[in-house]
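Here is how the chains run, residue by residue.
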Number of protein chains: 2
Amino acid sequence: MNVAQKLICDHLVSGEMNPGDEIGLRIDQTLTQDATGTMVMLELEAMDLVRAQTDVSVQYVDHNLLQADARNPDDHLFLRSAAQRFGLWYSKPGNGVSHPTHQQRFGRPGATMAGSDSHTCAAGAIGMLSIGVGGLEVAMAIAGEPLYLRMPEIWGVRLTGELPAWVSAKDVILEMLRRHGVKGGVGRIIEYHGPGLAGLSAMDRHVIANMGAELGATTSVFPSDDAVRTFLRGEGREEDWTEILADEDATYDVEDEIELSTLVPLIAKPSSPGNVVPVSEVAGEPVSQVVLGSSANPGLRDFAIVAEIVRDHQSEAELSFDVNPSSRQILEDLTKGGWLFDLIKAGARIHQSGCMGCIGMGQAPATGRNSLRTMPRNFPGRSGTREDAVWLCSPETLAAAALTGKITDPRELPDLLDIDYPKLQLPDSSSVNTAMLESPLPEDEAQRVELVKGPNISGLPELDELPDHIEAPVGLKVGDNVSTDEILPAGARVLPYRSNIEKISEFTFAQVDEEYAERVAALKDGTGHLVVGGENYGQGSSREHAVIAPRYLGLRVVIAKSFARIHWQNLANFGILALEFTEAGDYDDVEQGDTLALDGVRDAVAQGDRMQAKNERSGKTYELRHRLSPRQVAMVLAGGQIPLLRDA
Amino acid sequence: MNVAQKLICDHLVSGEMNPGDEIGLRIDQTLTQDATGTMVMLELEAMDLVRAQTDVSVQYVDHNLLQADARNPDDHLFLRSAAQRFGLWYSKPGNGVSHPTHQQRFGRPGATMAGSDSHTCAAGAIGMLSIGVGGLEVAMAIAGEPLYLRMPEIWGVRLTGELPAWVSAKDVILEMLRRHGVKGGVGRIIEYHGPGLAGLSAMDRHVIANMGAELGATTSVFPSDDAVRTFLRGEGREEDWTEILADEDATYDVEDEIELSTLVPLIAKPSSPGNVVPVSEVAGEPVSQVVLGSSANPGLRDFAIVAEIVRDHQSEAELSFDVNPSSRQILEDLTKGGWLFDLIKAGARIHQSGCMGCIGMGQAPATGRNSLRTMPRNFPGRSGTREDAVWLCSPETLAAAALTGKITDPRELPDLLDIDYPKLQLPDSSSVNTAMLESPLPEDEAQRVELVKGPNISGLPELDELPDHIEAPVGLKVGDNVSTDEILPAGARVLPYRSNIEKISEFTFAQVDEEYAERVAALKDGTGHLVVGGENYGQGSSREHAVIAPRYLGLRVVIAKSFARIHWQNLANFGILALEFTEAGDYDDVEQGDTLALDGVRDAVAQGDRMQAKNERSGKTYELRHRLSPRQVAMVLAGGQIPLLRDA
C-alpha cells in the first residue's frame, strides 16, 4: 500500500477503498479556527455535546485579530469558554496560525484530522491524513462521529533531484498548479514520494501540502520519514514519531514526476492560484507591496531566508514590506536568530502573529497596484481591495521584489545587488512555548463552564425540510471557478459577523453582485431562489457561512456544471440540493431571473440520482443529476444535518 | 523671562505678550499625520502652494495602518506624492508614531512647531514651543504664514524630589489631571521647572508634555538642559542642542508644585482622562486587556520596564496583552536589548509600529470588559467598542495588571510575585535609522510630481459665506466636555474616509446620536442647523473633520458655555460661528429641535462681540458672545479661511 492507503485503512469504519465510494473514517484530531469555529461551537451547543471524543481538538484564534470593535474580542471570549466547556485546547490570539502551530505542537504521524479550514491538509507534511471540511463535519468529528467522504484516487508525485539555489518548496507547489490548474487535484489525494524528498524538511513539505487545497485535492500526504523525526525532535516531541513509508511495491492510481533541479522561480498571476508562469516572464512589473507569511510559507526558514537576503539592504522606497510571523514560537526563534532585526532594519512592518492579510484582515493593497505575497490564494477581492492585483510567490521571489520594487527573478540578485543565495543555519530546536495554549479543563470543571456570548453572537437559523415542489427564480447565475471568497467574503469588514448569520448574509455574493442579497431576501419567505454556476463551483476556503448565509436568504438548490468538494459537502450539511447539469449546454440556456420548476423533488432525490427542471421562459427542460450518498440524501431531505440529528 | 516667554518672544511677529491678546508666531517646523494630513495636503493644493517655507515639515503615516481596503494605502500614496510635491519629509507607514519619532529625528530646542495633531505639544519635552492646531493652520504655517493664538497664561509647575520605585512620569501627568481635570490647562502653557527635573529624561518629559493636551493646555514646555543634550547625543544630533533655561528671577502667571517622592501609582477611570484615582483605590477590578504603547508612553524605557517586570512570567490566561512599538527605531532597540524577546515570551501580541489601538485602529476590547492602556485618552467609544471601559495608567501599573489579570498597585509586585523594581540599563545611543524617512525632493523635481489620488480622495466642500439672517433648528444639544471623538469618531471604520468629506459626514455625532447626520442633512440646502453644547465643547483631538463634516451637513452656528481651544479655532477656520451663552442658565432653556432666530448676524459679528438669539418655542431671547479676533471675524464672514484666501 502507499502511505495514503495505509492511513485510510487504519481509520476505515465504513465503506470500501474504491475510488468514488463513500467511506467513513475515524478522526483522531480536529482543528477549528475562529472564523469558522464560532459556528462549530454553536453547533456543538445545539448538539448538546458533553465532551470532545477526539484525542486532540484545538480551537485556534488566528483570523479575526484586528478588533475594529467588540465583535472579534467577544468571539475570542466565546471561543475560549466553549473550548473550556467542551474539553478542547484553546490557542490564544497571538499564539499563531493554526496549521504551522498545530504541526509544531500537536501533529502526529499516522493520525487523522478534520479541520474547518481548507488548508488543514497542510498536516499531511508529517504523515497525517488531514482533511479540510465544513464546520458541521468537524463538530460531528469532535462528537466522535466518523468523517464521510468519497474515496479519492491516490495521485503519486515522484520527486527527484534537488532544488537549485533561489528555488524553494513554494515553487514545487506552484509547478503543480502550473501543470494542473485549480481543478487538477479534485477527487484525489496527492502523495509525494521519491528520492527528492530527502532535500525537503517537514516545513518545506508543509508548504507543498498546504497549497494542495489550491489544486482542489482532498488532501496531500508525505511519508513520515527521518525528516519528520528530525522535525519532531526539534519540537521536543520525538516520542510522537512513528515511521510511515509506502511499501516498496506501492502503486498509485495516477502518476506524475517532478525533477526538482529543473524548477525555476514561479509566480501565480492575478487572480487565481492556477495562473502560474515563470517569474522571468513577468519581470519588471512594478510592485507596491510585498507580504511575507501565512500558512503557505510559515516556517522559520521562510522568514530567515528573506531576512538574510535583505540583510544590510533597504526595501524600495514606495513599497510596503509587510511581515506576518506565523506564531509566537517562530517570532521567538526569529528574534533569537537575529533575523527579526534584519527584517526590521530593512524596513519591514512587523505585524502580530496570525493570518492577517492572507484573509483580508488588513494589509489591503492600494488601488490598481501589484502586491506580491507568499500566501496561498489570490482570488479577486480577497485582499480587501476591490480590483486587486495579488501575485503568489516564494519567499525568495518576494525578497527580490522588496529590494527592487519590481517583479524580479531572484536568480538575478547576485548580479543586480551582489547578494549570494544565503546558506541558512537554522537551530536544531524550536523555542517551544506552550503558555498561550490552554489545555482542556478536567471534565467536572468543564461541565460548569457557561458559554460567554457577546451581543453579536446569535444562534443557527431555522432549517426547514426540502420542499417537494420548487418553483423559484434563478437569483444569480455565475461562471466557472467561483470561490467561497466570492460567495461570502472574508476580510476585516465581513469576518466580524461570523457569529451572526442574519447580518453576515447581507454580504453574500457582494463581490459578484451587490444587489443579490437584497433581491433574494425578498423571496426568502415565498418561493426562495436558485443559483446557477459553472465548473468547480465553491472552490477555496471551507467556510460553511458560504452555505448558511445564502440558505438563510432562501437558497434551496444550486445547479452547476461541477462542484468543489468541501462546498458540496457543506451544501448537503445545510440542506441545499446540489445538482449538476448532465448536458453542459443547458448551462448556456439559463438566464438569471428565469423561473425554474422542479417537481417531485423529494422522491427524485431519495429514489434515484436524476430529476428534471423546466425553464418557464425558454420552455426547455434540463436533465439534472445529484451525487449524494444515502447518508447525504437523508440530510438534504431533512433540511440539513442539524434537523436530522434533532429529529433522531 | 521663563522658558515659554523666551520661545514666544523669539518668534513673535504680531501682538503683545499679554495673556488673552492675539499673537502671531513664526513657525519653524510642522508635523502632520495621515488622519489629518490628507486634508492638509488638499488645502495646500487648493492654496496653489509652490513649496513649503518652513525649516522642517514632516508628513507622518501612523494612524491608518490597518488597510481593511484600498482607502488607507491609497491615502499613503497620496500623502507621499504630496510630500514630494510640496517639499516635505515623508515618514513611511511602519516608521513610527509622529511625536516620539519627531522628537528623536527632528526636534530642536528653541524651535516652534505647529502640528495637526493635538499631542504635538509633546515636543515641549525638549524646549520647543510646539502646538497642536487644526489642519488648515498647519497648511498656512507650511506656506510660511504665522500661527495666531491668544497669548496664554504661563503656569509654572515646580517639580521637587525624586520619583519612588514603581512610579513614573505617567503618574506625574495623571497627578496633574487628578488635581486640575480636563479643563485645568485651558488658556495656559504649562512650564515645568525645579530640581525634580534632574531625575526626568527627555522621554519622561515627553510623557508629561504629551498629555498636557488632556488638561486642555495650549502646550507644555520644559527647559533645554543637560537631559535634553544627553537625549540629542543619543540620537546622534548633539549639534542641534542649545541651552534654554528660565532666567533665575523668572516668574509665572500661575504657580503649582509637585513633590515627586509623594506620588503614588495613579489611574484614570473610564471614560475621561480626568477621572484620576490612586490605583490602590480600584485594585482588584478584573482586566481583560492591556495595551502598551502610543505617544503617551513612547520611549524605549516604557517598553523595557514592562519587559523586565514580566520577564520569566506569563501574562494572565484570559487577558490579551497588546504591544504597539512606537517606531521602527524603538523596535530595533527593543530587539537589540532582548526586551522584545521578554515581551513575546510573556505572551504579548506585538503589533506593527504606530498608533493602533490608541486611535481605535484595532485592539478594541470585548464588550463590558476592562482595558488598561498607557495611552492618553479614554473618551467613550474611542477604543472601537461602543460601551467600553478603558483605563489609563503607567507602564508599571499595566505590567502588574498583565500578570495578575486584575488592577493591581505595582508596588504589590515584590510581595505578590517576588518581582523587584527593575533597574534599567538603557543604551547611550539609539539605533538611528532614517531609511524609512524620505527627504524632500529638490525643487525642480518636486514641481514635476503629480498628486496620486485614489478613488476615495475627494476635494474640499464648497464653503459659502455666513448668512445675515439665521433661523434654524437646534439639530443637537449635548452636555459638557463633548470631545471631538464624539463629534467625529476615529477608529477603523471611520478613519479610512478622512479624505472623503461627503462619506465621513455620515458618521458625525454617531457616538452621541445615530440619527443626527440624516436628520440635519435634510436641512442642509434649506435652513441649515445649529448645535448647542455645554462647557469645554470640542475637547480632545485636533481633527478638523469634526468641523468640516458638520459644516458639510449645514452647521452654521455652535452655541456653547465654553469651547476647547483647537476646536474653536477650527470652527472659525471653516466659517462656523462659535457663540457662548453669557447667561449660563439659558443653556437649560434650549431644547433639541427648538428653532432659534439670529438677525443681523454679519454686522453683529463684525462690529462687536454680542448678539441675540430668539427661541421661537420658549419665546426667550439669549444674549450671546463671540471671542473672535478681527482676523477670525473676516474668516467667519467669508465662510472660512479658504474662501477668504481665494477672494484675496
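Residues numbered from 1 in each chain as written. Chains lettered and ligands numbered in written order. Predicted model: local features only at pLDDT ≥ 70, side-chain atom pairs only at ≥ 80, totals over all residues. Heavy atoms only, no water.

K.L.:
Tell me about the overall build of chain A, residues and numbers included.
P.N.:
A count of helical and extended segments in chain A gives 25 helices and 27 strands. Here the C-alpha radius of gyration of chain A, 24 Å, is about what a compact globule of 648 residues would show, namely 26 Å. Put simply, chain A has 648 residues, and 67% of those count as buried. Look at the contacts in chain A between residues 6 or more apart in sequence, and 77% of them connect residues 24 or more apart. (Helix = DSSP H or I, 4+ residues; strand = E, 2+ residues; numbered from the N terminus. Rg over C-alpha atoms; globule rule 2.2 N^0.38 Å. Buried < 20%, exposed > 50% of the residue type's maximum accessible area, 1.4 Å probe, protein only. Contact = heavy atoms within 4.5 Å.)

K.L.:
Lay out the packing of aromatic side chains in plain terms, naming residues and giving numbers.
P.N.:
To describe a pair of aromatic rings, one takes the distance between the centres and the angle between the planes. Throughout the structure, instances matching the rule amount to 16 aromatic pairs over all chains. With a centroid separation of 4.9 Å and an interplanar angle of 75°, the aromatic rings of Phe509(B) and Tyr516(B) are classed as edge-to-face. Taken together, the ring pairs connect Phe581(A), Tyr587(A) and Tyr622(A) into an aromatic cluster. When the ring centre of Tyr552(B) is taken as reference, the NZ or CZ atom of Lys524(B) above it lies at 4.4 Å. Directly above the ring of Tyr587(B) sits Lys561(B), whose terminal nitrogen or CZ lies 4.4 Å from the centroid. (Phe/Tyr/Trp six-rings, centres within 6.5 Å; stacked < 30°, edge-to-face > 60°. Lys NZ or Arg CZ within 6 Å of the ring centre and 35° of its normal.)

K.L.:
So what's going on with the confidence of the model for chain A? Residues and values would help.
P.N.:
When pLDDT is averaged along chain A, the result is 96, and 100% of the positions lie at 70 or above. Listed scores for the predicted complex are pTM 0.94 and ipTM 0.93. (pLDDT = per-residue confidence, 0-100.)

K.L.:
Can you break down the domain arrangement of chain A residue by residue, with the values?
P.N.:
Residues and elements named next belong to chain A. Segmenting chain A into domains produces domain 1 (3–262), domain 2 (266–417) and domain 3 (470–646). Between the C-alpha centres of domain 1 and domain 3 the distance comes to 27 Å. Counting from both sides, the interface comprises 32 residues of domain 1 and, opposite them, 33 residues of domain 3. Carbon and sulfur atoms make up 54% of the surface buried where domain 1 meets domain 3, a total of about 2,600 Å² over both sides. Note that Arg631 and Glu22 form a salt bridge whose closest N and O atoms lie 3.0 Å from each other. Taken together, the links from domain 1 to domain 3 amount to 16 residue pairs in polar contact (both at pLDDT 80 or more). Of all the secondary structure elements, the ones that give two or more residues to the side of domain 1 that touches domain 3 are α2 (34–46), α3 (71–86), β7 (129–132), α5 (135–142) and β8 (147–150). Looking at the side of domain 1 that touches domain 3, the element that brings in the most residues is α2, giving 6 residues. Split by residue class, the side of domain 1 that touches domain 3 holds 14 nonpolar, 10 polar and 8 charged. (Domains from an automatic or database assignment. Buried area = accessible area lost by both parts, 1.4 Å probe. Salt bridge = Lys/Arg side-chain N within 4 Å of Asp/Glu carboxyl O. Polar contact = N/O pair within 3.5 Å; in protein donor to acceptor, adjacent residues only side chain to side chain. Nonpolar A, V, L, I, M, F, W, Y, C, P; charged D, E, K, R; others polar.)

K.L.:
Can you break down the sheet that holds strand β23 (residues 555–560) of chain A residue by residue, with the values?
P.N.:
Residue and element names in this part refer to chain A. With mixed pairing, the 7 strands of this closed barrel are ordered in space as β21-β22-β23-β24-β27-β26-β25. For this sheet, the mean angle separating the axes of adjacent strands, direction not counted, is 35°. With 3 bridges connecting them, strand β21 (residues 470–477) and strand β22 (residues 529–533) associate as parallel partners. For Val474, the partnering residue across the bridge sits in β22 and is Leu530. (Pairing = 2+ DSSP bridges. Axes fitted to C-alpha atoms, helices over the stretch in contact; angles between N-to-C directions.)

K.L.:
I'd like to hear about helix α20 (residues 545–552) of chain A, residue by residue, with values.
P.N.:
Residues and elements named next belong to chain A. When you tally the buried positions in α20, you get 7 out of 8 residues, the bulk of the element. Taken residue by residue, α20 has His545, Ala546, Val547, Ile548, Ala549, Pro550 and Arg551 as its buried positions. Phi turns positive, to about 100°, at Gly554, one or two residues after α20.

K.L.:
Which residues make up unusual backbone geometry, and what are the values?
P.N.:
Across the junction of Pro270(A) and Ser271(A), the peptide omega takes the value -5°, indicating a cis bond. Of note, Ser271(A) is situated in the loop between β13 (266–268) and β14 (276–278). A positive phi angle is found at Phe509(A), which is not glycine, with a value near 55°. If you trace the backbone, Phe509(A) turns up in the loop between α18 (501–504) and α19 (516–521). By relative accessible area, which is 0% here, Phe509(A) ends up buried. One non-glycine residue, Ser294(B), lies in the positive phi region at around 85°.

K.L.:
Let's hear about the sheet that holds strand β17 (residues 348–350) of chain A: which residues, and what values?
P.N.:
Residues and elements named next belong to chain A. Pairing is mixed across the open sheet formed by 7 strands, whose spatial order is β14-β13-β19-β18-β15-β16-β17. The two strands at the open ends of the sheet, each matched to only one other strand, are β14 and β17. Direction aside, neighbouring strands of the sheet carry axes that sit 25° apart on average. As defined by bridge partners, β13 adjoins strand β19 (residues 389–393) across 2 bridges and the pair is classed as antiparallel. Along β19, the bridge assignment pairs Ile267 with Cys393. The sheet strands contacting helix α10 (residues 300–310) are β15 (289–293) and β16 (320–324), and the helix crosses β15 at an angle near 140°. With respect to the sheet, helix α13 (residues 395–404) is in contact with β15, β16, β18 (370–373) and β19, its orientation differing from that of β15 by roughly 145°.

K.L.:
So what's going on with the relation of the copies chain B and chain A? Residues and values would help.
P.N.:
Once chain B is rotated about the relating axis by 180° and shifted along it by 0.0 Å, it coincides with chain A to within an RMSD of 0.0 Å. The transformation just described matches what one would write down for a two-fold rotation axis. Considering only C-alpha atoms, the part of chain B nearest the rotation axis is His351(B), at 2.5 Å. Interface overlap between copies is the fraction of interface residues in one copy that are interface residues in the other; for chain B against chain A it reaches 100%, indicating a shared surface. (Least-squares fit on C-alpha atoms with pLDDT ≥ 70 in both.)

K.L.:
Account for the interface of chain B and chain A, with residues named and values stated.
P.N.:
In this assembly, 51 residues from chain B lie in contact with 51 residues from chain A. When chain B packs against chain A, close to 4,100 Å² is buried across both sides, 57% of that on carbon and sulfur atoms. Across the salt bridge formed by Glu318(A) and Arg80(B), the nearest N and O atoms sit 3.5 Å from each other. For the interface between chain B and chain A, the tally reads 26 residue pairs in polar contact (both at pLDDT 80 or more). Sorting the residues of the side of chain B that touches chain A by element identifies α3 (71–86), α10 (328–336), α11 (339–345) and β17 (348–350) of chain B as the ones contributing at least two each.

K.L.:
So what about the pattern of salt bridges? Which residues, and what values?
P.N.:
Residues and elements named next belong to chain A. One pass over the full model with this rule turns up 79 salt bridges over all chains. One salt bridge in this structure joins Glu235 and Arg105, with 2.9 Å as the shortest N-O distance. With a gap of 130 residues between them, Glu235 in the loop between α8 (226–234) and β12 (254–259) and Arg105 in helix α4 (residues 98–105) connect regions that are remote in the sequence. What makes Glu235 buried here is its relative accessible area of 3%. Of the charged contacts in the structure, one is a salt bridge between Asp586 and Lys620, with a shortest N-O distance of 2.9 Å. One end of the pair, Asp586, is in helix α22 (residues 586–589); the other, Lys620, is in the loop between β26 (610–615) and β27 (621–625), with 34 residues separating them in the sequence.

K.L.:
Which residues make up the nonpolar core, and what are the values?
P.N.:
Side chains of nonpolar character tend, in soluble globular proteins, to be buried together. Counting residues in each nonpolar core, the largest one holds 222 residues, and the members touching the most others are Tyr537(A), Leu577(A), Leu598(A), Tyr537(B), Leu577(B) and Leu598(B). Ignoring anything within four residues of it in the chain, the contact list for Tyr537(A) reads Val478(A), Val482(A), Ile487(A), Phe509(A), Val531(A), Val558(A), Ala560(A), Ser562(A), Phe563(A), Ala564(A) and His567(A). Counting 84 residues, the second-largest nonpolar core is a separate cluster that includes Leu413(A), Ile267(B), Val290(B) and Ile344(B). (Core = buried A, V, L, I, M, F, W, Y, C linked by side-chain atoms within 4.5 Å.)

K.L.:
For the pairing of strand β3 (residues 29–32) of chain A, give the residues involved together with the corresponding values.
P.N.:
Residue and element names in this part refer to chain A. The two faces of β3 match: Gln29 and Leu31 on one face and Thr30 and Thr32 on the other face are all buried. Two strands pair when backbone bridges link them, and β3 and strand β4 (residues 56–60) are joined in this way by 4 bridges, in the parallel orientation. Within the sheet, the bridge partner assigned to Thr32 lies in β4 and is Gln59. Since β3 and β4 lie parallel, the crossover through α2 that links them has a hand, and here it is right-handed. (Right-handed = clockwise from strand over helix to strand, strands pointing away.)

K.L.:
Outline the side chain of Lys92(B), supporting the account with residue identities and numerical values.
P.N.:
When you line up the elements, Lys92(B) lands in the loop between β5 (89–91) and α4 (98–105). Buried charged residue Lys92(B) carries no salt bridge. Nearest counter-charge: Glu316(A), at 6.2 Å. One polar contact links the side chain of Lys92(B) to the main-chain carbonyl oxygen of Glu316(A), over a distance of 3.2 Å. With near-sequence residues (within four places) excluded, Lys92(B) lies in contact with Ser315(A), Glu316(A), Ala317(A), Glu318(A), Leu319(A), Val61(B) and Met436(B). (Lys, Arg positive; Asp, Glu negative; His and termini not counted.)

K.L.:
Explain the pairing of β27(A) to me, and be specific about the residues and the numbers.
P.N.:
It is a general feature of regular strands that their side chains alternate between the two faces of the sheet. Residues and elements named next belong to chain A. Only one face of β27 is covered, namely the face carrying Tyr622 and Leu624; the face carrying Thr621, Glu623 and Arg625 is uncovered. One ladder, built from 5 bridges, connects β26 with β27; its direction is antiparallel. Following the sheet pairing, Gln612 is matched in β27 by Glu623.

K.L.:
Could you give an account of the environment of Asp342(A), with specific residues and numbers?
P.N.:
All names here are of chain A. Along the chain, the position of Asp342 falls in helix α12 (residues 339–345). For Asp342, a relative accessible area of 10% gives the class buried. Measuring from C-alpha to C-alpha, the distance between Asp342 and Asn481 comes to 40 Å, with 139 residues separating the pair along the chain. In this structure, Asp342 is in contact with Ala307, Val310 and Arg311, ignoring residues within four places of it in sequence.

K.L.:
Please set out the packing of α10(A) against α13(A) residue by residue, giving values where relevant.
P.N.:
All names here are of chain A. Their axes nearest at 9 Å, the elements α10 and α13 cross at an angle of 30°. It follows that α10 is roughly parallel to α13 by the angle criterion. Note on packing geometry: the crossing formed by α10 with α13 is right-handed. Taken together, the residues of α13 that come into contact with α10 (itself represented by Arg301, Asp302, Ile305, Val306, Ile309 and Val310) are Pro395, Glu396, Leu398, Ala399 and Leu403. (Parallel < 35°, antiparallel > 145°, perpendicular 65-115°, else oblique. Left-handed = near helix turned anticlockwise from the far one by under 90°.)

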